[in-house]
Amino acid sequence: MEQRRCVGIDLGKKTYEVKFIAADGKVTGTNGKTCPSGRKALYEKLLPTDRVAIEVCSLAMVMAKELQKKVGCEVVLLNPSQIALIYRSLKKNDKEDALKLARLVQKYTNDELPKVELPTEHEENIRQILTELRQLKHDRTKEINRLHAIFLECGITEMKRKDLATSANRNESIKILKGLPLVQAERNLKKLELIDEQITEVEKLLDKELEGDKNVETLMEIPGVGKQLASSFVAFLGDGSRYSNVSCIGAATGLVPKLDMSSTVCRLGHITKCGNPGLRSLLILAAWSHVRSNGGGAIKDKFVYMTTVQSKSKKIAIVAAARKLAELMYTLLKNGTSYEKRSSVDIEKLAEVSLSLAS
């Protein structure tokens, strides 16, 4: 029976470096190109009994699926930002990185490694659609800013960006322009029309992908949580089964503070900002909507308590609210329950009690 090998693969843009550690500790290596033929040559050298470690990237996701399908070996996707052994090393090159990855899977179990779960096909589709949608909206904002700059260059300072948000307003607004600025603005409008059409197409594609997804429907019951946040949460964090408890969600979204602790001194820094930045920004935006809604419940109470009784800034309080919102979303998916508004507390009474205790 073939004994298990530990394999580390360091991926570059066009090439890869591989290190094999046999059961007797012997180290061998190979390299090649990341093109389909190069990957096929690598897969022929691997065995179903191998344990393979790869740092997460777009190509790593593709290779992990190919390895599971064509070779059948165990693939461990590692979070590169949490592998200090590699990034703090004084000796860093592709061969050394591949060997260190192999050493990691040789020494540690999956529970001890910063492992990243391979997304399902449904989750991967949502991720790709959301990435395209986010880029298109970024392009639209960029073009609106450029159109606004044309008005400023003409000395029309009363025009605001929000006045250019819709197609009808833009077409009406450019009528006051003349000459070259008008020609530039018309070209800009054509770009915006094309981007708006593409956004509509991508949103329809997202709706089609989300048809019948009960998890997304459950999350959208929460006040402030829209389709984009609900789908992002499911795409990047799954249905809740990947995490053992609710405290893991704050760390996964990067909404927990950095901890600097030595002896009796404990300092909390800024949030870690780990995880997907798009999901984190959507959580914060949704938290603002949630605390301003009538159905905000306990999360809204926490925000009000932090800003009034504890005198915390709204920026700090909204991050705490966003973390609680993420934990609530996880709990609903994990337990398979629907959202129910918790009874609100009397913030004024809490403030009076706190002041009396302080005096």
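Residues numbered from 1 in each chain as written. Predicted model: local features only at pLDDT ≥ 70, side-chain atom pairs only at ≥ 80, totals over all residues. Heavy atoms only, no water.

K.L.:
Explain the environment of Ile54 to me, using residue names and the numbers behind them.
P.N.:
Summarising the element assignment, Ile54 is placed in strand 4 (residues 51-55). When residues no more than four places from it in sequence are discounted, the contact partners of Ile54 are Ile9, Leu11, Ala60, Leu67, Val75, Val76, Leu77 and Leu78. (Helix = DSSP H or I, 4+ residues; strand = E, 2+ residues; numbered from the N terminus. Contact = heavy atoms within 4.5 Å.)

K.L.:
Any details on a positive patch on the surface? Residues and values, ideally.
P.N.:
Where like charges cluster on the molecular surface, the positive patch consists of Lys142, Arg187, Lys190 and Lys191. Note on placement: Lys190 falls in helix 7 (residues 179-209). Using a relative accessible area of 60% as the deciding quantity, one classes Lys190 as exposed. (Patch = residues over 30% accessible without salt bridge, like charges linked within 9 Å, V, L, I, M, F, W, Y side chains within 5 Å. Areas by Shrake-Rupley, 256 points an atom, 1.4 Å probe, with all protein chains shown as cover. Salt bridge = Lys/Arg side-chain N within 4 Å of Asp/Glu carboxyl O. Lys, Arg positive; Asp, Glu negative; His and termini not counted. Charge placed at Lys NZ, Arg CZ, Asp CG, Glu CD. Buried < 20%, exposed > 50% of the residue type's maximum accessible area, 1.4 Å probe, protein only.)

K.L.:
Let's hear about the packing of aromatic side chains: which residues, and what values?
P.N.:
Within this structure, the stated rule accounts for 1 aromatic pair. On the basis of an interplanar angle of 75° and a centroid distance of 5.8 Å, the ring pair of Trp288 and Phe303 is categorised as edge-to-face. Of this pair, Trp288 sits in helix 11 (residues 277-292) while Phe303 sits in helix 12 (residues 297-308), placing them 15 residues apart in sequence. (Phe/Tyr/Trp six-rings, centres within 6.5 Å; stacked < 30°, edge-to-face > 60°.)

K.L.:
Now, about helix 5 (residues 121-153): what can you tell me, with residues and values included?
P.N.:
Its 33 residues place the ends of helix 5 48 Å apart at the C-alpha level, agreeing with the 48 Å of an ideal helix rising 1.5 Å per residue. Two residues or fewer past helix 5, Gly155 is found with a positive phi of approximately 80°. (Expected span 1.5 Å × (residues − 1).)

K.L.:
Break down the pairing of strand 1 (residues 6-11) for me, citing the residues and quoting the values.
P.N.:
Along strand 1, 6 of the 6 residues are buried, which leaves the element largely enclosed by surrounding structure. Going residue by residue along strand 1, you find Cys6, Gly8 and Asp10 tucked away on one face and Val7, Ile9 and Leu11 tucked away on the opposite face as well. Where strand 1 meets strand 2 (residues 15-21), 6 bridges bridge the pair, whose relative direction is antiparallel. For Cys6, the partnering residue across the bridge sits in strand 2 and is Ile21. Sheet topology places strand 1 next to strand 4; 4 bridges connect them, and they run parallel. (Pairing = 2+ DSSP bridges.)

K.L.:
If you had to explain the nonpolar core to someone new, which residues and values would you point to?
P.N.:
Nonpolar side chains in soluble globular proteins generally cluster together in the buried interior. By size, the foremost hydrophobic cluster in this structure holds 46 residues, and its most contacted members are Leu219, Val225, Leu229, Phe233, Leu283 and Met329. The next biggest cluster of nonpolar side chains, apart from the first, holds 20 residues, and it includes Val7, Val52, Val71 and Leu77. (Core = buried A, V, L, I, M, F, W, Y, C linked by side-chain atoms within 4.5 Å.)

K.L.:
So, the sheet that holds strand 3 (residues 27-33): which residues are in play, and what are the values?
P.N.:
Across a sheet, strands are paired by hydrogen bonds formed along the backbone, either parallel or antiparallel in direction. Spatial strand order, 3-2-1-4-5: 5 strands in an open sheet with mixed pairing. Of all strands in the sheet, those with a lone pairing partner are strand 3 and strand 5 (74-78), marking the two edges. Sheet twist, expressed as the mean angle between neighbouring strand axes with direction ignored, is 20°. Judged from the 5 bridges that link them, strand 4 and strand 5 form a sheet pairing that is parallel. By the bridge assignment, Arg51 is partnered in strand 5 with Glu74. On top of the sheet, helix 1 (residues 36-43) reaches strand 1, strand 2 and strand 3; it is set at about 5° to strand 2, its chief contact. Helix-sheet contacts for helix 2 (residues 58-70) involve strand 1, strand 4 and strand 5, and the interaxial angle to strand 5 is about 165°. (Axes fitted to C-alpha atoms, helices over the stretch in contact; angles between N-to-C directions.)

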